[in-house]
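Listed below are the residues making up each chain.
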Amino acid sequence: PLAPAMREYHQRLGAPPQSLAALERLARGEVVCSVTGQQPAPLGGPLYALHKTASAIGLARVFEERTGLGCVPLYWMHGEDSDFEEIRSATVFDGQLAIHDLAIPASFHADGGLVGSIPAEAITALQQDAVRCWDGMPGQAAAAALLNGALARARDLGEACSALALAMFGAFGLVVVDPRLPEF
């Protein structure tokens, strides 16, 4: 039951063929995994989350080259975390290098609730504000397209971060695990 649920999750979040193929190899038990993860946060979380994901992809490739065994990069989306204060904000710079601190309104989170389950609409305004801050900056349109595409597929913050990870790294065979799936 877990493999079909993960397949549906990946398809709904727009996973590319390489990600879906890696998921199938994993479901058949043909590969090991290079695992990383992060709790979800606005704009995909801290920059080191991108570094960790890219590192897991690189490690999977090196492992395959050195051992001849299949290895899939796997991202554990830690949506069952409950530390709202840790994830609620993002700091961005505009074209003049002015600092902008953006935050999810506290009203979207129940005390002790899972941060991954914060509704997608809670991050819409923050994301729009960030994109406005980046007006005129190189890559602004591409960043906006990635963020908006991920948010359009998501029901909550956890899914938005998963969809963003798949959009950015799915072509490298990334598989995302959401431990909130009932099949876990």
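This text gives an overview of the structure that appears in the document. Since this is a predicted model, take the numbers as computed values, not measurements.

Let us look at the overall build of the protein chain. Along the protein chain, the regular secondary structure elements total seven helices and five strands. Ordered by position from N to C terminus, the α and β elements of the protein chain give α-α-β-α-β-α-β-β-α-α-α-β. In terms of overall size, the protein chain behaves like a compact globule, its C-alpha atoms giving a radius of gyration of 17 Å where 184 residues would be expected to give roughly 16 Å. Viewed in the frame of its principal axes, the protein chain has a C-alpha envelope of about 50 × 35 × 25 Å. Taken over 184 residues, the protein chain has a buried fraction of 43%. The long-range share in the protein chain, meaning contacts at least 24 apart out of those at least 6 apart in sequence, stands at 68%. Accessible area of the protein chain: about 9,100 Å², with a carbon and sulfur share of 58%. Taken as two groups, the 12 positive and 20 negative side-chain charges of the protein chain have centres that lie 8 Å from each other.

We describe a pair of aromatic rings using the distance from one ring centre to the other and the angle between the two ring planes. Tallied over the full model, the rule gives one aromatic pair. Taking the centre distance of 6.0 Å and the plane angle of 70° together, the rings of W76 and F184 count as edge-to-face. Placement of the pair is W76 in strand 2 (residues 71-77) and F184 in the segment after strand 5 (175-177), with a sequence separation of 108 residues. Here W76 falls in the partly exposed class, since its relative accessible area comes to 31%. Judged by its relative accessible area of 45%, F184 falls in the partly exposed class.

Right, let's talk about helix 5 (residues 121-133) for a bit. End to end, helix 5 covers 19 Å across 13 residues, agreeing with the expected 18 Å (1.5 Å per residue, within 8%). Burial in helix 5 covers these residues: A122, I123, L126, Q127, A130, V131 and C133. For helix 5, the arc enclosing every buried residue in end-on projection is 150°, short of the 170-degree limit, so these residues lie on one face. Buried residues along helix 5 sit in contact with strand 3 (89-93), strand 4 (99-103), helix 6 (140-153) and helix 7 (157-169).

Relative to strand 2, strand 1 (residues 32-38) is paired through seven bridges, and the arrangement is parallel. For S34, the partnering residue across the bridge sits in strand 2 and is P73. Viewed along the sheet, the connection from strand 1 through helix 3 (residues 47-67) into strand 2 turns out right-handed.

A word on the pattern of salt bridges. Counted according to the given criterion, the structure contains nine salt bridges. R12 is paired through a salt bridge with E159; the nearest N and O atoms lie 2.8 Å apart. With R12 in helix 1 (residues 2-12) and E159 in helix 7, this pair connects stretches of sequence that are 147 residues apart. For R12, a relative accessible area of 21% translates into the label partly exposed.

Thresholds applied
- Residues numbered from 1 in each chain as written.
- Predicted model: local features only at pLDDT ≥ 70, side-chain atom pairs only at ≥ 80, totals over all residues.
- Heavy atoms only, no water.
- Helix = DSSP H or I, 4+ residues; strand = E, 2+ residues; numbered from the N terminus.
- Rg over C-alpha atoms; globule rule 2.2 N^0.38 Å.
- Buried < 20%, exposed > 50% of the residue type's maximum accessible area, 1.4 Å probe, protein only.
- Contact = heavy atoms within 4.5 Å.
- Areas by Shrake-Rupley, 256 points an atom, 1.4 Å probe, with all protein chains shown as cover.
- Lys, Arg positive; Asp, Glu negative; His and termini not counted.
- Charge placed at Lys NZ, Arg CZ, Asp CG, Glu CD.
- Phe/Tyr/Trp six-rings, centres within 6.5 Å; stacked < 30°, edge-to-face > 60°.
- Expected span 1.5 Å × (residues − 1).
- Arc of directions from axis to C-beta.
- Pairing = 2+ DSSP bridges.
- Right-handed = clockwise from strand over helix to strand, strands pointing away.
- Salt bridge = Lys/Arg side-chain N within 4 Å of Asp/Glu carboxyl O.

Everything listed is a geometric property; what it means functionally is a separate question.
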